[in-house]
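Residue-level listing of the chains:
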Amino acid sequence: MTNFPPRLSTGISGLDAVLDGGLVPNRTYMVRGESGAGKTIVGYHFLTAGRENDEDVLFISFEESDADLRANAETLGFDLSEVPILDLGPSPEAFLDDEAYTMLSPGEVEGKSTANELREAIEEHDPDRVVIDPLSQLGRLSSDRYQFRRLVSSLLSYLKRSGATTLFTSQPSSGDTDETLAYLCDSSISLSRSDSGRSVRIEKFRGSDSQAGPHGMRIDGGHGMRVFPRLVPDSHHREFTIEPLSSGIDDLDALLGGGIERGSITLVSGPSGVGKSTTGASFARATAERGERAAIYLFEESKRSFRHRSESIGIPIDDLVEAGDLRVDAVEPLSLSTDEFAQRVRAEVEANDTKFVLIDGTAGYQLSLTDERSDIRRELHALARYLKNMGVTVVLTEEVQQVTGAFHASDNHVSYLADNILFIRYIEVRGEIRKAVGVLKKRFGGFEPTLRSFEIGTDGITVGEPLDGLRGILTGTPTWNEAE
């Protein structure tokens, strides 16, 4: 049986999981990305994690000075006071001293001196971890591509022979420097930054596996870099019993054939203001009143507004929030990636044994979460499947655009996710706007195939008798049966 060496932590929350446990020691890792993508910050994490593990470390800088590196690291919460830094960046004096290059090329003048400084620093500190930022700068010390490749290959081999695990950065350029480095390294980590957020992808991981990306990423003061691995639903499972759960409204339960099942996904659809959020809140409150924790994620309403409105219509939630049986979380627009939001929900479920989740609503989910991927429905699918595998009962609300007219259960094509579809719509009866509720689909049992009246008052939701005296309700403008 082959014994593999223990992995080295990158020091970055979430990245070790993406790398299937961390970095394989005594190998070379390339971190590539445009300026501002966060490459140097990866180095901060990597060396800080080494120091916390009582390892010897070395930072080799070809751009920033010793003082600038330490100051910039401090703004992000890193203390590099015990990290030795070899500053190989150009000095101010080099700008004035132009006579040194009149007879020889810069590479011939500086190359030998730089190689000597590198060797001396490595021999002096005997580091377990090395960061070179950026290694692509060695290109300025090489007269051609062949010399550059030979110089880098020799340096990386020397570091491996010295027992070091090396992480180096590179910035894509018009030449082939970056591609040469990608070929020579054992593994490559790519960082990207755009108007829609940050992400990380493992492009190459020699001799090991890694999670396919991209994965959401965040950089902020006090935390540095955090990575949010993409959710893989099939990797999570929890045993549970499928059983009907009440909405807390007897007539609504009757319409649903006894309620909705534990571990099912229910889509509540209808136009704006019809009562979707209130219906979802009723399920959440009923769950919390049974002594099971519920969580509500608001994408189209503030927490304050939601709590005030719930109180005014007879579905108070403040007592349950204060008791810790209910969480209400308003997601700030354009503040999270889909991966970060999924991680937030997963932490809630696994840390608190949460049994019910309301995502209110799906259109806001697609608009509010920053993501460069074109089809966020796939991310919602992964989150919903994860929750279902964990035995969590899920309610999704979706706004449809048509107030009356042709009936649509979903405008965003997410109805395929649902085990149950409950729809609420406006109807016009004798010049008066009313509401009707019905069940379109129920996977785990029977349901009442009628439409009932639906009202929201100061005492909450009232589901009335079947509207069997009307026909054409789904058109929005029903007529009375001839017998009426």
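Relevant structure appears above.
Residues numbered from 1 in each chain as written. Predicted model: local features only at pLDDT ≥ 70, side-chain atom pairs only at ≥ 80, totals over all residues. Heavy atoms only, no water.

**Q** Please give an account of helix 14 (residues 377-389) that cites residues and values.
**A** An ideal rise of 1.5 Å per residue puts 18 Å on 13 residues; helix 14 measures up with 18 Å between its terminal C-alpha atoms. Along helix 14, the residues classified as buried are Glu379, Leu380, Ala382, Leu383, Ala384, Tyr386, Leu387, Lys388 and Asn389. Remark: glycine 391 follows helix 14 within two positions and exhibits a positive phi of approximately 75°. (Helix = DSSP H or I, 4+ residues; strand = E, 2+ residues; numbered from the N terminus. Expected span 1.5 Å × (residues − 1). Buried < 20%, exposed > 50% of the residue type's maximum accessible area, 1.4 Å probe, protein only.)

**Q** So what's going on with the sheet that holds strand 1 (residues 28-32)? Residues and values would help.
**A** Taken in spatial order, the 9 strands line up as 3-2-4-5-1-6-7-8-9 in an open sheet, and their pairing is mixed. With partners counted over all chains shown, the strands left at the sheet margins are strand 3 (85-87) and strand 9 (224-228), one partner each. The sheet shows a mean angle of 20° between the axes of neighbouring strands, direction not considered. In this structure, strand 2 (residues 57-61) lies alongside strand 3, joined through 3 bridges in parallel fashion. Residue pairing for strand 3: serine 61 is matched across the bridge by aspartate 87. Strands in contact with helix 3 (residues 66-75) are strand 2 and strand 3; relative to strand 3, the strand with the most contacts, it is inclined by about 135°. Sheet strands in contact with helix 7 (residues 177-184) are strand 1, strand 5 (165-170) and strand 7 (197-205), and its direction is about 150° off that of strand 1. (Pairing = 2+ DSSP bridges. Axes fitted to C-alpha atoms, helices over the stretch in contact; angles between N-to-C directions. Contact = heavy atoms within 4.5 Å.)

**Q** Account for the packing of aromatic side chains, with residues named and values stated.
**A** Remark: the centre distance and the inter-plane angle together describe each pair of aromatic rings, the angle taken between the planes. The tally for this structure, following the rule as stated, stands at 6 aromatic pairs. Between tyrosine 29 and phenylalanine 205 the ring centres are 6.3 Å apart and the planes differ by 55°, which places this aromatic pair in the tilted class. With a gap of 176 residues between them, tyrosine 29 in strand 1 and phenylalanine 205 in strand 7 connect regions that are remote in the sequence. Considered together, tyrosine 29 and phenylalanine 205 belong to a single accessibility category, that of buried residues. A centroid spacing of 5.6 Å and a plane angle of 70° characterise the contact between phenylalanine 299 and tyrosine 365, whose relative ring orientation is edge-to-face. With a gap of 66 residues between them, phenylalanine 299 in the loop between strand 13 (294-298) and helix 10 (303-312) and tyrosine 365 in helix 13 (residues 362-368) connect regions that are remote in the sequence. For the pair shown, phenylalanine 299 and tyrosine 365 are each scored as buried. (Phe/Tyr/Trp six-rings, centres within 6.5 Å; stacked < 30°, edge-to-face > 60°.)

**Q** Which residues make up the pattern of salt bridges, and what values do they have?
**A** The full count for this structure, using the stated rule, is 30 salt bridges. Residue arginine 238 is joined to aspartate 353 by a salt bridge in which the shortest nitrogen-to-oxygen separation is 3.3 Å. Here arginine 238, found in the loop between strand 9 and strand 10 (244-245), pairs with aspartate 353, found in the loop between helix 12 (338-352) and strand 16 (356-360); they are 115 residues apart in sequence, far enough to count as distant. Between glutamate 292 and arginine 262 there is a salt bridge, and its shortest N-O distance comes to 2.9 Å. (Salt bridge = Lys/Arg side-chain N within 4 Å of Asp/Glu carboxyl O.)

**Q** Now, about the side chain of glutamate 261: what can you tell me, with residues and values included?
**A** In this structure, glutamate 261 sits in strand 11 (residues 260-261). Using a relative accessible area of 6% as the deciding quantity, one classes glutamate 261 as buried. When near neighbours in sequence (up to four residues on either side) are disregarded, glutamate 261 contacts Ile242, Glu243, Pro244, Thr393, Asn420, Lys442 and Phe444.

**Q** Can you explain the sheet that holds strand 21 (residues 452-457)? Please cite residues and give values.
**A** Spatial ordering of the open sheet is given by 14-13-16-18-12-19-20-21-22, a layout of 9 strands whose pairing is mixed. In this open sheet, the two strands that pair with only one neighbour each are strand 14 (326-330) and strand 22 (460-466). Direction aside, neighbouring strands of the sheet carry axes that sit 20° apart on average. Where strand 13 meets strand 16, 5 bridges bridge the pair, whose relative direction is parallel. Within strand 16, the residue paired with isoleucine 296 across the bridge is leucine 358.

**Q** Just give me the short version of the nonpolar core, but keep the residues and values in it.
**A** For soluble globular proteins, nonpolar side chains are generally found buried alongside one another. The biggest cluster of nonpolar side chains holds 34 residues, and the ones touching the most others in it are Tyr44, Phe59 and Leu191. Taken together, the elements giving at least two residues each to this core come down to helix 1 (15-18), strand 1, helix 2 (39-52), strand 2, helix 3, strand 6 (187-194), strand 7 and strand 9. Broken down by element, this core gets its largest block of residues, 5 residues, from helix 2. In this view, phenylalanine 59 contacts Thr40, Tyr44, Leu47, Leu69, Val83, Pro84, Ile85, Leu86, Val131 and Asp133; residues no more than four positions away in its chain are not counted. By size, the runner-up hydrophobic cluster in this structure holds 30 residues, among which are Ile260, Val274, Phe283 and Ile424. (Core = buried A, V, L, I, M, F, W, Y, C linked by side-chain atoms within 4.5 Å.)

**Q** Give me the lowdown on the environment of methionine 217, citing residues and values where you can.
**A** Residue position: methionine 217 is located in strand 8 (residues 215-220). With near-sequence residues (within four places) excluded, methionine 217 lies in contact with Ala37, Leu191, Ser192, Arg198, Ser199, Val200, Met225, Arg226, Val227 and Phe228.

**Q** Quick one: what's the story with the packing of helix 6 (residues 145-161) against helix 7, residue by residue and with numbers?
**A** Put simply, helix 6 and helix 7 touch, their axes get as near as 11 Å, and they point 35° apart. Between helix 6 and helix 7 lies a crossing of right-handed hand. For the pair helix 6 and helix 7, contact is made by Phe148, Arg149, Val152, Ser153 and Leu156 and by Thr177, Thr180, Leu181, Tyr183 and Leu184, respectively. Tallied by class, the residues present in the contact of helix 6 with helix 7 amount to 6 nonpolar, 3 polar and 1 charged. (Left-handed = near helix turned anticlockwise from the far one by under 90°. Nonpolar A, V, L, I, M, F, W, Y, C, P; charged D, E, K, R; others polar.)

**Q** Talk me through the pairing of strand 21; I want residue IDs and the actual numbers.
**A** With 2 bridges joining them, strand 20 (residues 432-442) and strand 21 adopt antiparallel strand pairing. Note that in strand 21 the partner of valine 437 across the bridge is arginine 452. Looking at chain direction, strand 21 and strand 22 are connected through 5 bridges and run antiparallel. Each residue of the ladder has a partner; that of isoleucine 456, found in strand 22, is isoleucine 461. In this structure, the hairpin formed by strand 21 and strand 22 is closed by a connection of 2 residues.

**Q** Which residues make up a negative patch on the surface, and what values go with them?
**A** A cluster of acidic residues, Glu117, Glu120, Glu123 and Glu124, forms a negative patch on the protein surface. Structurally, glutamate 120 can be placed in helix 5 (residues 106-125). (Patch = residues over 30% accessible without salt bridge, like charges linked within 9 Å, V, L, I, M, F, W, Y side chains within 5 Å. Areas by Shrake-Rupley, 256 points an atom, 1.4 Å probe, with all protein chains shown as cover. Lys, Arg positive; Asp, Glu negative; His and termini not counted. Charge placed at Lys NZ, Arg CZ, Asp CG, Glu CD.)

By themselves these figures say nothing about function.
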